Amino acid sequence: MAGPRSMSSNTAASLNDFAPAGASLPAGERRKPRRVLPGFGLTMGYTLVYLSLVVLIPLSAVFLKTAGMGWEHFWDVVTAPRVVASYKLSFGASLLAASINAAFGLMLAWSLARYEFPGKKLVDALIDLPFALPTAVAGIALTALYARNGWLGSLLEPQGIKVAFTPLGILVALIFIGLPFVVRSVQPVLEDLETELEEAAASLGARRWQTFRYVILPTLLPALLTGFALAFARAVGEYGSVIFIAGNLPLVSEITPLMIITKLEQYDYQGATAIASVMLVFSFVLLFLINGLQAWSSRLNGAGRAK
Amino acid sequence: MAGAAAALGIPSLKRGAQRYESNPATREAPWVKWTILTISLSFFALFLLMPLVAVFSEALRKGFGTYIAALVEPDALSAIQLTLAAALISVPLNLVFGVSAAWAITKFDFRGKHLLITLIDLPFSVSPVVAGLIYVLMFGAQGWIGPWLQEHDLKIIFAVPGIVLATVFVTFPFVARELIPLMEAQGRDEEEAATVLGASGWQTFWHVTLPNVKWGLLYGVILCNARAMGEFGAVSVVSGHIRGMTNTLPLHVEILYNEYQFAAAFAVASLLAILALVTLVLKQFVEWRAHAAVKEERA
C-alpha cells in the first residue's frame, strides 16, 4: 500500500549489503556480525515462525495439492474454455484499467504536486479512498451508479452504452481500485523533483512540452511503471468490487478469481487449486518485476528517502 | 508539506505547488494548466467521489427510519461484533509481528534480508480469493489437518477462527512494511548508545526506538485495521455465510444486496464507508504529525 516510497530505503540498504568487499562504505565496518544490540535470536525466530505459519506453509499447500493431481488433469482444468476466457478478461481488463490509471493518475499527481486549487487537501486525502473503502462497498456503489436506473447508467444506456453487468463494468471497478497506486507512486517523485533541471531546459530554449517529454517524463518513468504494475497486480486478483458489477456470465464476464469460487462451490477443490496455482505463479512473477522497478526507481531518484 | 506549514502560520517559503507556479521555467501556459486540472478533477469526481456519495444517497433513499432499522437488526449487530472481534485479534497479532520483523531486519545484518522483505510483502500480491482458499486447503474437511480437526470436534473453516486467519493473512504486511523503511532510515546509533549505557533490550526498544517510530507504527495500524474490517474476498471463501454466526459486515452487505434489500445493504455499507472516511482522517492526521515531528527534529 505504501509501496514505492517505503521500499526505497530498504533497497538502498540491501544494495550496501551486496557492495563489493573492497568498497569503502561508511557502513562497511558494520558488515561483520558485530552485534551490539540484543534480541536478534528472539525477533528473527518469531518472525520466521509466524511468517511460515501464516503465509509460507498455507501457500505451499496450493502447490502441493496441484502437484498431486497429475499433469494432464491440471492442464485440462487450467485450459478449459471457460477458464481461458476468464484469463483473457481478467488480464485484458486489468491491463486496460492500469493503462487508463497511468494516464489519468499521472495527471492527478501532476495537479496535486504542481497546482494550487480550492479543495486540494480534500482531493489529496480522498485519493486513498479505494485503499480504505471495503471492496464490497465499492462494488455495490458502482453497480448502483451504472445500473439502468442509476445516476450514470440512466445517462449512458439511452446512448446504447451498457456498463453494469458487462465487461465494461469490470473495467470501471478495476479503475476505481487501481487509481491510488499510480497517484501515490508518482506524486512523491514529482514533489521532490528539483526545479534546476527544468530551469536549465528552459534557459536552453526548450519549450514546456519538450521539457516535459525529455526531462521530466524520463525521471518519472520508473515510478509511473511501478504504479502501473501495482495497479495491474491488484486488478488481476481483485474480487469484491468486481463481482457485483460484472454480471458473471460464463465466457463473457467471469473473472479468474470467480472461477476459483465457482469450483469451490461445486466442491471441486482440485480444480480451484489448479487455477489458484496459475494465479499465484503469475503474481510471483509480477512481484519480482515490481521489486525490480522499485529498485530502479529509487536508484534514479536518490535512494534512502523514507517517506 | 506546504499545507501543514500554512496551517501552523509559518510564513510561506514557497514550498509545494507555489514554487512551481511562480517560476516561469516550471509553469505551463494557463490553458494547459486548466485543461490538466479539469480532466484530472473530472476523473477524480467520476471514479472516486461519485461512488462515495452514491453509498450515502442509496442508504437514505427509503428514509432515516429504514436506515437505522437496518443497523440495529440482530444480524447486523452480530456482524458488527464479529468484524470488531476479527480486527481486534488480527491487528495486535500483526502489530507484534511487524515490530519484531522490523527489529530483526533493521538492527542486524544477515544474508537473505532482501528475500525476507519480499516474503513479508507476499500477501499483498496474492488474490484475496486465493488467500481464503489456502486455509480451506489446510483446515477444510478434505484439507491437511481437516480430518484431525473433525475428530476433535474443532471447526476452523466455516467458523470464526477461519475468518480471523484469513484476516490475519490479508493484513499481514501492513505494520512491518511501514516500520522497516522508517527504522532503517533511523539507523542503529541511538539504540547502540542506549545498550552501551546499560539499557536492556526492552528498555532500549521502549524508550529509544518506539518514540522515534510511533507515528509510522500508528500509520501501519490504521491501515491494517481498515483492511481487517473491510476484507471481503478472503473472508467470503472461509466463512460459509452463516447468518448471525460467521457474517462480517462486508459479507452482511453482500447477503442483503443479493436479497434485493438494497436500502438495508447500503445502510450497512454506509457504516463501512464512514469507517473508511475516519481512517482517511486519522491517516491524514498521523501524516501531519509525522511531518511536524521531522520538522521539529531538523529545526
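Residues numbered from 1 in each chain as written. Chains lettered and ligands numbered in written order. Predicted model: local features only at pLDDT ≥ 70, side-chain atom pairs only at ≥ 80, totals over all residues. Heavy atoms only, no water.

1. Focus: the environment of Ala226 of chain B
Move 1: By secondary structure assignment, the location of Ala226 of chain B is in helix α12 (residues 201–230).
Move 2: Between the C-alpha atoms of Ala226 of chain B and Val278 of chain B, which are 52 residues apart in sequence, the distance is 9.5 Å. (Helix = DSSP H or I, 4+ residues; strand = E, 2+ residues; numbered from the N terminus.)

2. Details of the pattern of salt bridges
Move 1: For the coordinates displayed, the defined rule picks out 18 salt bridges over all chains.
Move 2: The salt bridge partner of Arg114 of chain A is Glu198 of chain A, with a shortest N-O separation of 2.9 Å. Of the two residues, Arg114 of chain A sits in helix α4 (residues 81–114) while Glu198 of chain A sits in helix α10 (residues 196–203), which places them 84 residues apart along the sequence.
Move 3: The class for Arg114 of chain A is buried, based on a relative accessible area of 1%.
Move 4: As a salt-bridge pair, Asp109 of chain B and Lys113 of chain B come within 3.8 Å of each other at their nearest N and O atoms.
Move 5: Of the residues examined, Lys113 of chain B reaches a relative accessible area of 4% and is grouped as buried.
Move 6: One connected set of salt bridges, linked through shared partners, spans Asp124, Asp128 and Arg184 of chain A together with Lys283 and Glu287 of chain B. (Salt bridge = Lys/Arg side-chain N within 4 Å of Asp/Glu carboxyl O. Buried < 20%, exposed > 50% of the residue type's maximum accessible area, 1.4 Å probe, protein only.)

3. A few points about unusual backbone geometry
Move 1: You will see that Phe165 of chain A, though not glycine, has its phi angle at about 65°, which is positive.
Move 2: Following the sequence through the fold, Phe165 of chain A ends up in the loop between α8 (153–156) and α9 (167–192).

4. Details of the nonpolar core
Move 1: Membership of the largest hydrophobic core comes to 190 residues, with the highest contact counts inside it found for Tyr146, Leu190 and Ile260 of chain A together with Ile120 and Phe169 of chain B.
Move 2: Looking at which element gives the most residues to this core, the answer is α9 of chain A, with 15 residues.
Move 3: Ignoring anything within four residues of it in the chain, the contact list for Ile260 of chain A reads Ala272, Ile275, Ala276 and Met279 of chain A together with Val129, Val130 and Leu133 of chain B. (Core = buried A, V, L, I, M, F, W, Y, C linked by side-chain atoms within 4.5 Å. Contact = heavy atoms within 4.5 Å.)

5. Points about the packing of helix α4 (residues 63–72) of chain B against helix α15 (residues 262–298) of chain B
Residues and elements named next belong to chain B.
Move 1: At a minimum axis distance of 8 Å, the contact between α4 and α15 shows a crossing angle of 75°. Between α4 and α15, the interaxial angle falls into the category roughly perpendicular. On α15, the residues touching Tyr67, Ala70 and Leu71 of α4 are Ala264, Ala267, Val268, Ser270, Leu271 and Ile274.
Move 2: Residues belonging to the contact of α4 with α15 are distributed by class as follows: eight nonpolar, one polar and no charged. (Axes fitted to C-alpha atoms, helices over the stretch in contact; angles between N-to-C directions. Parallel < 35°, antiparallel > 145°, perpendicular 65-115°, else oblique. Nonpolar A, V, L, I, M, F, W, Y, C, P; charged D, E, K, R; others polar.)

Keep in mind these values describe shape, not function.
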